[in-house]
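# Summary of the model geometry
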Amino acid sequence: MATLDKNSLWESVLAELQISLSGANFQTWFKGKTQMLSANNGTVEIGCASAYNKVWIEERYLGKIKEIIDRLTNSSNTLVFTITPQNLLKPPARKRNQENPTVPLFEEAASPSIKEALETANLNQRYSFSNFIVGGSNQLAYAVAKAVVEEPFEQYNPLLIYGGVGVGKTHLLQATAQAVFLRRAQTRLLYCSSETFTNDMVEAIQKRQTFDFRAKYRNVDFLLVDDVQFIAGRESTQEEFFHTFNDLYSRGKQIILSCDRRPEELANLQERIKNRFIGGMVAKIDPPDLELREAILLAKIKNARLEIDFPIIRCLAESLGPSIRELEGALLRIAAVSNLTGKRIDLPLVKTTVELERKKGSPKTVVLEAAASFFSLTPADLKSQQRSKEYVLPRQIAMYLLRHEARLAFKEIADYFGGKDHTTVIYSVNKVEKLVEKGGEAATIVEEIRRKAFTS
Ligand code: ADP
Ligand code: MG
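Residues numbered from 1 in each chain as written. Chains lettered and ligands numbered in written order. Predicted model: local features only at pLDDT ≥ 70, side-chain atom pairs only at ≥ 80, totals over all residues. Heavy atoms only, no water.

## Description of the overall build of the protein
Broken down by element type, the protein carries 20 helices and 8 strands. Dimensions of the protein, computed from the C-alpha atoms along their principal axes, are close to 85 × 60 × 35 Å. For the protein, the proportion of its 456 residues judged to be buried stands at 45%. A separation of at least 24 residues holds for 71% of the contacts in the protein among residues at least 6 apart in sequence. (Helix = DSSP H or I, 4+ residues; strand = E, 2+ residues; numbered from the N terminus. Buried < 20%, exposed > 50% of the residue type's maximum accessible area, 1.4 Å probe, protein only. Contact = heavy atoms within 4.5 Å.)

## A closer look at the site of ligand 1
Residues in close proximity to ligand 1 total 19 residues, the closest being Ile-133, Gly-166, His-171, Arg-325 and Glu-328. Arg-126 has a polar side-chain atom sitting 3.2 Å from an oxygen atom of ligand 1. Residue Thr-170 places a side-chain N or O atom 2.8 Å away from an oxygen atom belonging to ligand 1. For ligand 1, whose unbound accessible area comes to 550 Å², protein coverage reaches 96%. (Near = heavy atom within 4 Å. Polar contact = N/O pair within 3.5 Å; in protein donor to acceptor, adjacent residues only side chain to side chain. Areas by Shrake-Rupley, 256 points an atom, 1.4 Å probe, with all protein chains shown as cover.)

## What to know about the nonpolar core
Formed by 48 residues in total, the largest nonpolar core has its most connected members in Leu-17, Phe-30, Ile-65, Ile-69 and Leu-316. In terms of domain composition, this core takes at least three residues from each of domain 1 (6-87) and domain 3 (290-353). Excluding residues that lie within four positions of it along the chain, Leu-316 makes contacts with Leu-297, Leu-327, Ala-330, Leu-331, Ile-334, Val-350 and Val-354. Of all hydrophobic cores here, the second largest spans 33 residues; its members include Ile-114, Val-144, Ala-145 and Leu-159. (Core = buried A, V, L, I, M, F, W, Y, C linked by side-chain atoms within 4.5 Å. Domains from an automatic or database assignment.)

## Observations concerning the domain arrangement of the protein
Domain boundaries in the protein define domain 1 (6-87), domain 2 (116-285), domain 3 (290-353) and domain 4 (363-454). With centres defined by C-alpha atoms, the gap from domain 1 to domain 2 works out at 38 Å. Across the boundary between the two partners, domain 1 contributes 4 residues, which contact 6 residues of domain 2. Together, the buried faces of domain 1 and domain 2 total about 340 Å²; carbon and sulfur atoms form 53% of this surface. The largest share of the area that domain 1 buries against domain 2 comes from Ser-22, Ala-24 and Asn-25, three residues that together contribute 84% of it. (Buried area = accessible area lost by both parts, 1.4 Å probe.)

## Digging into the pairing of strand E4 (residues 159-162)
Here E4 shows two buried faces, one formed by Leu-159 and Ile-161 and the other by Leu-160 and Tyr-162. As defined by bridge partners, E4 adjoins strand E7 (residues 254-259) across 4 bridges and the pair is classed as parallel. The residue bridging Leu-160 from the neighbouring strand is Leu-257, located in E7. In this sheet, strand E8 (residues 281-284) lies alongside E4 in parallel orientation, the contact comprising 4 bridges. Residue pairing across strands places Ile-161 opposite Ala-283, the latter belonging to E8. (Pairing = 2+ DSSP bridges.)

## Some words on the sheet that holds E7
Across the sheet, 5 strands lie side by side as E5-E6-E7-E4-E8; this open sheet has parallel pairing. Looking at which strands have only one partner, the edges of the open sheet turn out to be strand E5 (189-193) and E8. The sheet shows a mean angle of 15° between the axes of neighbouring strands, direction not considered. The sheet strands contacting helix H5 (residues 139-150) are E4, E7 and E8, and the helix crosses E8 at an angle near 140°. Each of E5 and strand E6 (222-226) is contacted by helix H7 (residues 194-206), which is oriented at about 95° to E5, the strand it contacts most. (Axes fitted to C-alpha atoms, helices over the stretch in contact; angles between N-to-C directions.)

## What about the pattern of salt bridges?
Following the criterion strictly, the structure yields 25 salt bridges and no others. A salt bridge links Arg-188 to Asp-221, with the nearest nitrogen and oxygen atoms 3.2 Å apart. Of this pair, Arg-188 sits in the loop between helix H6 (169-183) and E5 while Asp-221 sits in the loop between helix H8 (210-218) and E6; the two residues are 33 residues apart in sequence, bridging distant segments of the chain. Residue classification places Arg-188 among the partly exposed residues on the basis of a relative accessible area of 38%. Bridged by salt links that share partners, the residues Glu-59, Arg-60 and Glu-291 form one connected network. (Salt bridge = Lys/Arg side-chain N within 4 Å of Asp/Glu carboxyl O.)

## Re the sheet that holds strand E2 (residues 43-48)
One open sheet holds the 3 strands; their spatial order is E1-E2-E3, and the pairing between them is mixed. Edge strands, defined here as strands with exactly one partner in the open sheet, are strand E1 (34-40) and strand E3 (78-83). In this sheet, neighbouring strand axes are inclined to one another by 25° on average, regardless of whether the strands run parallel or antiparallel. Relative to E2, E1 runs antiparallel, the two sharing 6 bridges. Pairing of Met-36 across the sheet is with Ile-46, part of E2. Running over the sheet, helix H1 (residues 6-20) touches E1 and E2 and is turned about 130° from E1. Those strands touched by helix H3 (residues 51-73) are E1, E2 and E3, and its axis lies near 155° from that of E3.

## What to know about the packing of H7 against H8
In a pair of packed helices, the angle between the axes and the distance between the axes together describe the arrangement. Running from amino to carboxyl end, H7 crosses H8 at an angle of 155°, the nearest separation of the two axes being 8 Å. By the angle between their directions, the pair H7 and H8 is classed as roughly antiparallel. Each of Thr-196, Phe-197, Asp-200, Met-201, Ala-204 and Ile-205 in H7 lies in contact with H8, whose residues at this interface are Thr-210, Phe-213, Lys-216 and Tyr-217. Its residues placed into classes, the contact of H7 with H8 shows 6 nonpolar, 2 polar and 2 charged. (Parallel < 35°, antiparallel > 145°, perpendicular 65-115°, else oblique. Nonpolar A, V, L, I, M, F, W, Y, C, P; charged D, E, K, R; others polar.)

## A closer look at the state of the cysteines
All told, the structure shown has 0 disulfides when counted by the stated rule. Looking at the unpaired Cys-192, the closest cysteine sulfur is the one in Cys-259, lying at 14 Å. (Disulfide = S-S within 2.5 Å.)

## Comments concerning the packing of H1 against H3
Put simply, H1 and H3 touch, their axes get as near as 10 Å, and they point 130° apart. It follows that H1 is oblique to H3 by the angle criterion. The two elements H1 and H3 meet at a crossing, and its hand is right-handed. Counted together, Leu-9, Trp-10, Ser-12, Val-13, Glu-16, Leu-17 and Ser-20 of H1 and Lys-64, Ile-65, Ile-68, Ile-69, Arg-71, Leu-72 and Thr-73 of H3 form the full contact between these two elements. (Left-handed = near helix turned anticlockwise from the far one by under 90°.)

Next up, the structure:
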């Protein structure tokens, strides 16, 4: 261990880790949580704040840490991780970089002018890069989003990020916008959902203010449009969007989009728009795997200053997902119940919450199961093409509840029931509405199924 003492060696290791890990990963696992205890004769002892911290680092970062230490010491070392109570760990002595205040881009709290810029741009400060946890499923999208902040306009333009519900598309888009503002608070940037775009356009046409509308969407250097799938099937929106896109693109402005699936899979989307969407960089976010779900939960638990034992965290991560929103929902509920009752967060409490959350998570399954079991049928029976009487009413009731309680679109219900025509769904919903209005036996049945599906 020639030149570096153990403290400076660890500082150097941390500095390298900070560059290669996301801000949140670094903060959660390393910053103020680890220390080099000794470095003698090729054995390096690293103290970790908790058992869980130790296991996590050993399982995931041992190789990386060893590689850095070996390189810095120019020798091969054996790493030993031990648990060191938190109070023994000194916070890392970080010098603030006075000369270049823009350096710690993603960790600093936003200054008032940036705060204002964020609010005006309709951005939620909570969605930042520093609390976006990176794992295998989202690392490409994360890396590309950060690259766009560093070098916008050319390399990844347009950037399209796609993935299912709750995987972090909105978070990543907004984090990108936020980072752009952190660089330069005066940036002309607009973030909106494609629904806002549509509504603004319709309103502008009604009020004869299309000039203002165009000024709003075209006088920007960055346009971020979330959930572009909603413009599918809307001809005039697609038309306007196409021109907005072309106008910005031809002037070298940065466009960032999100979509809930591959644009190629969107029915009712004009080919020319599909081609625009996928003409730059396309990055997919996959559903988070168990490891990432755990990491996200841990970060949120830490943030909310909750005390939850690891087996419970694992149980939550195993039972919930893939939507990260579902994980957050469960955590929120657990925290609320524990707060209200003053009870510790234990396994039974978590299990009940998970059950509730699951039900909430998928109204389609819940409704289908409740309707089927009421009539002693199976969900598959209801989704089948069988037209005999015993299937028809139960199926219609399920459609009615999906419309009224879960507020699904007719089209979505039609797809769920094996690609039926959406007018069949409209007919079914109307029919059950009438039965419910009449208030006879059918109304009681509907109420019973509704209760079964939506209360626990
Ligand atoms: P989507 O837009 O893909 O439906 P969101 O971006 O709204 O998903 O994410 C749902 C919730 O999960 C948000 O509260 C978001 O902050 C959180 N979330 C998603 N991905 C991550 C991540 N990688 N790290 C931390 N939180 C995340
Ligand atoms: Mg979203």
